[in-house]
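# Working through the structure, step by step
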Amino acid sequence: MEDHDSDAGKNTVVSYEILRAEGDVLCKQNEFTKAVSSYKQALTYIREGNEGENKGAHPPDITAEKLEKDEKDVLVNLSKCYLLLGNPDTSLDYAEEALQADKQQIRALYQKQKHYILRAISKLLLYFITVGINYVQSCKNSDLVSKRQWKLSIIAWELLNQ
């Protein structure tokens, strides 16, 4: 009976490691939604492995430090996927959660920095698009603009909206 319990624990540990590895492969294949699902399942196994119906899921040879490191890695991977899916706020939440456990987690700091850089870039892009719209509108309303300049402005406007 004791052997059966330890076998069940090993299967669960393999499951979270397999789920994490599956998420890594899916992420490399640009299947970010599927990768998020795998990473979330792995995170659930890591966090709840010794509670409830999964009691004894982590065998004694898996240390708390390894589980903590694996949890931080999965959190950072989730952050990366959400950023690539275009959900920077959720990405930031996962990066900050990883940083709560370890303030020196380089990968989490990198993901957090990418979030702020993308936010700044999107604000700049919005600013320049607004400036472009104002320019096109002022050209349209100006009597000094030739038809050729007006057509060039329209072409520029269409390029911005692609």
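From a predicted model like this one, the values you see are computed outputs, not experimental measurements.

Moving on, we come to the packing of aromatic side chains. In this structure the tally under the stated criterion is two aromatic pairs. Their ring planes at 5 degrees and their centres at 5.7 Å tell us that Tyr82 and Tyr94 sit as a pair that is stacked. One end of the pair, Tyr82, is in helix 3 (residues 64-84); the other, Tyr94, is in helix 4 (residues 88-101), with twelve residues separating them in the sequence. Accessibility classification places Tyr82 together with Tyr94 in one group, the buried group.

Moving on to the packing of helix 3 against helix 4. Remark: helix 3 packs on helix 4, axes separated minimally by 7 Å, with the N-to-C direction vectors making an angle of 160 degrees. Judged on the interaxial angle alone, helix 4 and helix 3 are roughly antiparallel. Crossing of helix 3 against helix 4: the hand is left-handed. Residues Glu68, Lys72, Leu75, Val76, Leu78, Ser79, Tyr82 and Leu83 of helix 3 lie in contact with helix 4, whose contacting residues are Pro88, Thr90, Ser91, Tyr94, Ala95, Glu97, Ala98 and Ala101. Across the contact of helix 3 with helix 4, the residue classes tally to ten nonpolar, three polar and three charged.

To continue, consider the pattern of salt bridges. Within the structure shown, the criterion is met by eleven salt bridges. Across the salt bridge formed by Lys66 and Glu17, the nearest N and O atoms sit 3.7 Å from each other. With Lys66 in helix 3 and Glu17 in helix 1 (residues 2-28), this residue pair connects regions lying 49 residues apart in the sequence. In this structure, the salt-bridge partner of Lys72 is Glu68, at a minimum N-O distance of 4.0 Å.

As a further point, take helix 3. The terminal C-alpha atoms of helix 3, which comprises 21 residues, lie 30 Å apart, in line with the 30 Å expected from a rise of 1.5 Å per residue. Phi turns positive one or two residues past the end of helix 3, at Gly86, with a value near 85 degrees.

Ranked by size, the top nonpolar core spans 21 residues in total, and within it Cys27, Ala35, Tyr39, Val74, Leu78 and Cys81 carry the most contacts. Secondary structure elements with two or more residues in this core: helix 1, helix 2 (32-48), helix 3 and helix 4. The biggest single contributor to this core is helix 3, with seven residues. Once residues lying within four places of it in the same chain are set aside, the contact partners of Val74 are Arg20, Tyr39, Leu43 and Ile46.

A positive phi angle, close to 60 degrees, is found at Asn30, a residue other than glycine. You can see Asn30 is positioned in the loop between helix 1 and helix 2. A relative accessible area of 54% means that Asn30 is categorised as exposed.

Glancing now at the environment of Ile106. Along the chain, the position of Ile106 falls in helix 5 (residues 106-141). Under the relative-accessibility criterion, Ile106 is labelled exposed at 60%. Linking Ile106 and Val76, residues 30 residues apart in sequence, is a C-alpha distance of 9.8 Å.

Looking now at the side chain of Ser91. For Ser91, the location among the structural elements is in helix 4. Given the relative accessible area of 0%, Ser91 is considered buried. Excluding residues that lie within four positions of it along the chain, Ser91 makes contacts with Ser79, Tyr82, Leu83 and Gln111.

To continue, consider the confidence of the model for the protein chain. On average, residues of the protein chain carry a pLDDT of 79, and 72% of them reach 70 or more. Ranking the elements of the protein chain by mean pLDDT puts helix 6 (residues 147-160) last, at 68, and helix 4 first, at 92. Scored below 50 in pLDDT, residues 1-9 makes three contacts in the model with residues more than four places away or belonging to other chains.

Scoring rules and cut-offs
Residues numbered from 1 in each chain as written. Predicted model: local features only at pLDDT ≥ 70, side-chain atom pairs only at ≥ 80, totals over all residues. Heavy atoms only, no water. Phe/Tyr/Trp six-rings, centres within 6.5 Å; stacked < 30°, edge-to-face > 60°. Helix = DSSP H or I, 4+ residues; strand = E, 2+ residues; numbered from the N terminus. Buried < 20%, exposed > 50% of the residue type's maximum accessible area, 1.4 Å probe, protein only. Axes fitted to C-alpha atoms, helices over the stretch in contact; angles between N-to-C directions. Parallel < 35°, antiparallel > 145°, perpendicular 65-115°, else oblique. Left-handed = near helix turned anticlockwise from the far one by under 90°. Contact = heavy atoms within 4.5 Å. Nonpolar A, V, L, I, M, F, W, Y, C, P; charged D, E, K, R; others polar. Salt bridge = Lys/Arg side-chain N within 4 Å of Asp/Glu carboxyl O. Expected span 1.5 Å × (residues − 1). Core = buried A, V, L, I, M, F, W, Y, C linked by side-chain atoms within 4.5 Å. pLDDT = per-residue confidence, 0-100.

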